[in-house]
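Survey of secondary and tertiary structure
Each chain, letter by letter, is given below.
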Amino acid sequence: MKKLTIITSLIFFVLTGLGQEENKNTDTTAYKSRVLESTEIDILTSYYSQEGDNAAVGGGMGTEELTDFTPTIVVSVPLNDDDVLTLDAGISSYTSASSSNINPFDGDQEADPFQASSGASRADLYTNVSGSFSHSSDDRNKIWSAKLSFSNEFDYRSLGFGGSLTRLFNEKNTEINISGNVYLDKWKLLYPVELRHLAGQDEEQEPGEDEEDDEDEGVPWELMTGNLNYNPSFTPFKDDSRNSYSVGMVFSQILSKRLQGSLSLDLVVQDGLLSTPYHRIYFADVANSFIENFQLADDVERLPDTRLKAALGGRLNYFINETLALRTYYRYYADDWGISSHTASIEIPIKLSGKFTLYPSYRFYTQTAADYFAPRELHVSTEKYYTSDYDLSEFKANQYGFGISYTDIMTRAHLWKLNMKSIDLKFHKYDRDSSFSAWMGSFGIKFIIGDL
Amino acid sequence: MRKKIMLLAFSAALLGSCTAVKEYEKVNLNDPDMALATKKVDRFETNFQAYREAASGANGGKTGGGCGCN
């Protein structure tokens, strides 16, 4: 409550104080330009690939190989001088060795955490669509927007809505944005295959699998070795919802003719099922059972059903000269699961000509481990919460990036009624101080429709 | 946390008192590379970081939600 009072006071203080500046200096209602001159279409796509040896599906051990291809289209339409409607739709097609090992026994080869199962669950689709509407006041000093979104993948569905308010003051030198978002998500509870008979899920469909295609579902119990009295103390989750509520505030300020920055604050509350139902756990005090080379789960991860996150970030951009600019970013994060993190990044756009710009970048990230994380076989069955997901472990990561952009403000290249404005190409390499590494290439092309 | 919020309030007051840069003086600030937002093509980078790092922000995952659990 005390925090809420401080934040409310801060917002009131800034809004009223700077509003006086606006009254003194602003008279921009005489001429009103369109917020968006023409319809814009962004066609975006990315290819992502990762590898590592600490798969959460394997209780912290096993291949993390994953590839993801994501074509996306974003269309922004000016409805009139003041209003813009934006539609955003994308399909993400992924293959995941990790999710394939939810059922490691449905492939052609021996079950092994370091081997992706060749079964149907190796690939799946994620689809998302969102629409947003924004309205700007006549003097362009007030903007409000509303957003609705929906996404779906085999075992997860998300419905989101939100809105934001923006005010500009001080001859548009100062900007404050306040936003709120709600995501109401639903799980399809999918457990590791060897635990499903305890949840009454013997015939459960898996990611990428047709409804009729369940002939390989069975666990070959006759091949079990190690502890032959496999009797995990597993109970299914009762709740299949996950809700996220967030509020954010961004304060942006022009500091000189070459320097501008922003400060942002994000608060997020989550509740519901925050564990992933198919992340295996192997306890130190339970005897191990195996089928082929795959160890059978003692349980799935159990995490608290609430989480409070807070993040404080800042950006500072400096225009060095006509060739170089400096873009910097820092963010501190903490939550009530014991995780805190620091992120720092720098990007130096280098203009080669009026059309081509290079984007070398570097990003450093470090986080502490969640209170509930331990590697496999280190948790004991008497604990209340446990996970062996290495995304919740302590680690440091370095990311190197390089991009190139081509911009033609005259839009001389045409494709039917589409006038090409820009092309962006980026590449990122990401390395943790563990076995995990990833790379990603992304591509974007922007078109403007109609006569300019 | 309270200290951080007070720091934010102080910074807001400090920055708000800066001399205004006129519209005609913003030619360098209006350069697309000076924008305080990220480019659309950078959304994929943000998504995979939100998936692979515990410190994800106001969004649970990709644009429009998603668990990012693979």
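Scroll up for the structure.
In what follows, the accompanying structure is described. None of the values given here were measured: they were computed from a predicted structure.

**Overview of the sheet that holds strand β8 (residues 224–226) of chain A**
All names here are of chain A. The antiparallel open sheet is built from three strands, whose spatial order is β8-β12-β13. Whereas interior strands pair on both sides, the edge strands pair on one side only; in this sheet they are β8 and β13 (294–295). In this structure, β8 lies alongside strand β12 (residues 289–291), joined through three bridges in antiparallel fashion. Paired with Thr-225 across the bridge in β12 is Phe-290.

**Description of the packing of aromatic side chains**
The full count for this structure, using the stated rule, is 18 aromatic pairs over all chains. For the ring pair Tyr-430 of chain A and Phe-48 of chain B, a centre distance of 5.4 Å and an interplane angle of 85° mean the geometry is edge-to-face. Taken as a pair, Tyr-430 of chain A in strand β23 (residues 418–432) and Phe-48 of chain B in helix α2 (residues 43–52) lie in two separate chains rather than in one. The exposure classification of Tyr-430 of chain A matches that of Phe-48 of chain B, with both residues buried. The rings of Tyr-48, Tyr-430 and Phe-436 of chain A together with Phe-48 of chain B are connected pair by pair, giving a single aromatic cluster. The ring of Trp-337 of chain A carries the charged tip of Arg-307 of chain A above its face, separated from the ring centre by 4.2 Å.

**What about the pairing of strand β7 (residues 174–187) of chain A?**
In regular strands, side chains alternate between the two faces of the sheet. Residues and elements named next belong to chain A. Sheet topology note: the strand β6 (residues 156–169)/β7 ladder contains 14 bridges and is antiparallel. Looking across to β7, one finds that Leu-168 is bridged to Glu-175. Turn length for the β6-β7 hairpin, with the two strands adjacent in sequence and antiparallel, is four residues, and the turn residue Asn-170 shows positive phi of about 55°. For β7 and strand β9 (residues 241–254), the ladder comprises 13 bridges, and the chain directions are antiparallel. If you follow Asn-181 over to β9, its bridge partner there is Ser-246.

Cut-off values and rules
Residues numbered from 1 in each chain as written. Chains lettered and ligands numbered in written order. Predicted model: local features only at pLDDT ≥ 70, side-chain atom pairs only at ≥ 80, totals over all residues. Heavy atoms only, no water. Pairing = 2+ DSSP bridges. Helix = DSSP H or I, 4+ residues; strand = E, 2+ residues; numbered from the N terminus. Phe/Tyr/Trp six-rings, centres within 6.5 Å; stacked < 30°, edge-to-face > 60°. Buried < 20%, exposed > 50% of the residue type's maximum accessible area, 1.4 Å probe, protein only. Lys NZ or Arg CZ within 6 Å of the ring centre and 35° of its normal.

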